[in-house]
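Commentary on secondary and tertiary structure
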Amino acid sequence: MEIATDEQFTPIKQDTKKGKLRYYPYNINWNYGLLPQTWEDPSFANAEVEGAFGDNDPVDVVEIGERRGKIGEILKVKPLAALAMIDEGELDWKIVAISLDDPRASLVNDVDDVEKHFPGTITAIRDWFRDYKIPDGKPANKFGLGNKAASKDYALKVITEANESWAKLVKRSIPAGELSLV
């Protein structure tokens, strides 16, 4: 499921590729969504991440808490880390976060806490996003920043920059292209 960024009111619907419904080849073990009021600007080359340009979508969030969310559910989350995925040359940030309502939310405040209280989770997330397109005959995705998860402070910087890009987009300071701003 994705938000249809090119449709009015950007509904949540099943993603399609080449006119066919798209399915993940294997289960995703976390809540996966987006951070509202963020936008990865496709005209901005990020010098810290191999000069990759934004993917023209909101910033993705991977919520690692114990409760499975529902499609379209809004969760208040605490950012913990950032993964700089490079998908076919485009930068596609993955913010690792935990729901504020999760019983273990108070135990995790940064990337090192994730490894301590959710051992192997960062590696599992990175591996899942690296490999999920391989069954479709596509190459593995790459990760910038030395293939490591960045800190909470870095994740907050990514979110702030993406929010600033979104603000320029909705003020029409940046061309929207095919994106729906309604």
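The structure reproduced in this document is the subject of the present report. Quantities reported herein were computed from a predicted structural model and do not represent experimental measurements. (Residues numbered from 1 in each chain as written. Predicted model: local features only at pLDDT ≥ 70, side-chain atom pairs only at ≥ 80, totals over all residues. Heavy atoms only, no water.)

**Quick notes on the nonpolar core**
- The biggest cluster of nonpolar side chains holds 21 residues, and the ones touching the most others in it are Trp30, Ile64, Val96, Ile98, Ile122, Ile125 and Phe129.
- Put simply, the parts of the chain that give this core at least two residues each are β9 (77-87), β10 (90-99), α1 (111-117) and α2 (121-131).
- Residues contacting Phe129, with those up to four places away along its chain left out, are Ile28, Tyr32, Val62, Met85, Lys94, Asn141 and Phe143.
- With 18 residues, the next largest nonpolar core counts Ala52, Ala82, Leu91 and Ala155 among its residues. (Core = buried A, V, L, I, M, F, W, Y, C linked by side-chain atoms within 4.5 Å. Buried < 20%, exposed > 50% of the residue type's maximum accessible area, 1.4 Å probe, protein only. Helix = DSSP H or I, 4+ residues; strand = E, 2+ residues; numbered from the N terminus. Contact = heavy atoms within 4.5 Å.)

**A closer look at the packing of aromatic side chains**
- A full pass over the atoms with the stated rule returns eight aromatic pairs.
- Taken together through their ring pairs, the aromatic side chains of Tyr24, Tyr26, Tyr32, Trp128, Phe129 and Tyr132 make up a single cluster.
- Positioned above the aromatic ring of Phe118, the side-chain terminus of Arg104 is 3.9 Å from the ring centre. (Phe/Tyr/Trp six-rings, centres within 6.5 Å; stacked < 30°, edge-to-face > 60°. Lys NZ or Arg CZ within 6 Å of the ring centre and 35° of its normal.)

**Considering the pairing of strand β8 (residues 60-63)**
- Along β8, one buried face is formed by Asp60 and Val62 and the opposite face, lined by Val61 and Glu63, is buried too.
- Across four bridges, strand β5 (residues 31-34) lies against β8 in antiparallel orientation. Each bridged residue has a counterpart across the sheet, and for Leu34 the counterpart in β8 is Asp60.
- When β8 meets β10, the two strands line up parallel, connected through four bridges. Bridging from a neighbouring strand, Val61 pairs with Ile95 of β10. (Pairing = 2+ DSSP bridges.)

**Overview of unusual backbone geometry**
- With a phi angle near 60°, Gln37 is a residue other than glycine that sits in the positive phi range.
- Gln37 gets classed as partly exposed once you look at its relative accessible area, which sits at 46%.
- Even without glycine at this site, Asn147 takes up a positive phi of about 65°.
- Within the secondary structure layout, Asn147 lies in the loop between β11 (142-143) and α3 (152-170).
- Its relative accessible area of 40% is what places Asn147 among the partly exposed residues.

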